[in-house]
Amino acid sequence: MKIERVTLHRLAMPLVRPFETSFGIQTERDVLLVHLVTSDGVEGWGECVAGADPVYSSEYVSGCEYVIENYLVPAILAGPDVSAETLDARLGFVVGNRMAKAAVEAAVLDAQLRASGISFGSYLGAVRDEVDCGVSVGIAPSIDELLDEVSGYVSEGYRRIKLKIRPGWDLEPVGAVRALLGDAALLQVDANTAYTREDIDHLRELDQFGLVLIEQPFVEDDIAGHAILAAAIDTPVCLDESITSADIARDAIERDATSIINVKPGRVGGYLESVRIHDVCAERDVAAWVGGMLETGLGRAANVALAALPGFTLPGDTSASRRYYAEDLTEPFELVDGRLRVPTGPGTGVAVRPELVASWATRRPLLLH
Ligand code: OSB
Ligand code: MG
């Protein structure tokens, strides 16, 4: 496949409600889209999941845009034989920058699959036509407001609730939500690195709530600390930020630092690496699930396809469009019986709405060729 031209779009999309984590409060998404056209006139779209600021990981959207514009796009415009499978070799001269690479990979894969009439799901190895969905609930202004928000999601049908926690917002809100949901409901927490090894005795208190898992309690580099925690508490430890590749996933599993993995294609450099992490987990009977980065319908479509692989045995952070956006960039994803349908059309199977790309733009499109 030959890539003829690439356009980078930047847009701002307001969230339906502020999303607060241990990193801060987010009220909109600063979205970077990669749109490419092949020499045969086939189009591909990819979404960059990096945040506006380098707080979840070292990557941030303006940095990704710089790397994509100046390094990754020139490399894919240069060759006649561009394919998703050979991108590692083509883009490997750039160290790290996984979210930037993942956005380019998604666009290349979309075009490649559209050209051959194959869906993301079939290509990645999906075995289900719909996936169980959970929802990630931000830190709320009060326990009452948290319970209202969670009740709303329960009535919409979500199959699992994830609460964001941090020191000062943990045992009390988690206990209140457990009491609301009853013992049988799937409930888990995500600390986004807010705790340290000093907090192990405190985190053990969470064991009383019968959680599915605690996600990323410590800073990403502290694999050893997560192993100590995992041995010290009953709640399973799940890593998110720490897992940036299949090799690191294998290493963290072998060191007993994690018994469940949150797979996010942006964080690990793309969908192909996500499948490799899926396989690492499946071979070792380690549970896995597909996380989220508040994606638009574009990234969501591909994430839902990924979540349909057999080893993704826990509900993902693949929520319906309306949980994030009043109007989505694509046709909306709607929850039916706590599940989203896996798109079946070629590529991502969804269409980006050009009028919304134009009306939400925060600067003029950047054309590269
Ligand atoms: O840690 O999983 C996380 C959103 C942005 C950045 C990091 C995280 C999240 C979420 C929301 O928890 C997941 C989603 O619904 O997309
Ligand atoms: Mg997380």
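Residues numbered from 1 in each chain as written. Chains lettered and ligands numbered in written order. Predicted model: local features only at pLDDT ≥ 70, side-chain atom pairs only at ≥ 80, totals over all residues. Heavy atoms only, no water.

### Focus on the pattern of salt bridges
Enumeration according to the criterion identifies 30 salt bridges in this entry. Asp-110 is paired through a salt bridge with Arg-114; the nearest N and O atoms lie 2.9 Å apart. Placement of the pair is Asp-110 and Arg-114 together in helix α3 (residues 98-116), with a separation of four residues, close to one helical turn. For Asp-110, a relative accessible area of 0% gives the class buried. The partner of Lys-162 in a salt bridge is Asp-317, and the shortest N-O contact between them spans 2.6 Å. With Lys-162 in strand β6 (residues 160-164) and Asp-317 in the loop between α12 (297-307) and β12 (339-341), this pair connects stretches of sequence that are 155 residues apart. A relative accessible area of 2% places Lys-162 in the buried class. The exposure class assigned to Asp-317 is buried, which follows from its relative accessible area of 5%. In this structure, a network of salt bridges that share partners links the residues Glu-130, Asp-132, Arg-159, Asp-337, Arg-339 and Arg-341. (Salt bridge = Lys/Arg side-chain N within 4 Å of Asp/Glu carboxyl O. Helix = DSSP H or I, 4+ residues; strand = E, 2+ residues; numbered from the N terminus. Buried < 20%, exposed > 50% of the residue type's maximum accessible area, 1.4 Å probe, protein only.)

### Looking at the domain arrangement of the protein
Examined at the domain level, the protein breaks down into domain 1 (3-117 + 354-368) and domain 2 (122-341). Here the C-alpha centroids of domain 1 and domain 2 sit 24 Å apart. On the domain 1 side of the interface with domain 2, the three residues burying the most area are Phe-19, Tyr-56 and Arg-98, jointly 21% of the side's total. At the junction of domain 1 with domain 2, the criterion picks out three salt bridges. Between Arg-17 and Glu-149 there is a salt bridge, with its nearest N and O atoms 3.6 Å apart. Our enumeration of links across domain 1 and domain 2 arrives at 17 residue pairs in polar contact (both at pLDDT 80 or more). Those elements that place two or more of their residues in the side of domain 1 that touches domain 2 are β1 (3-21), β2 (24-38), β3 (43-48), α3 and α13 (354-359). Considering each element in turn, the side of domain 1 that touches domain 2 owes the most residues, nine residues, to β1. (Domains from an automatic or database assignment. Buried area = accessible area lost by both parts, 1.4 Å probe. Polar contact = N/O pair within 3.5 Å; in protein donor to acceptor, adjacent residues only side chain to side chain.)

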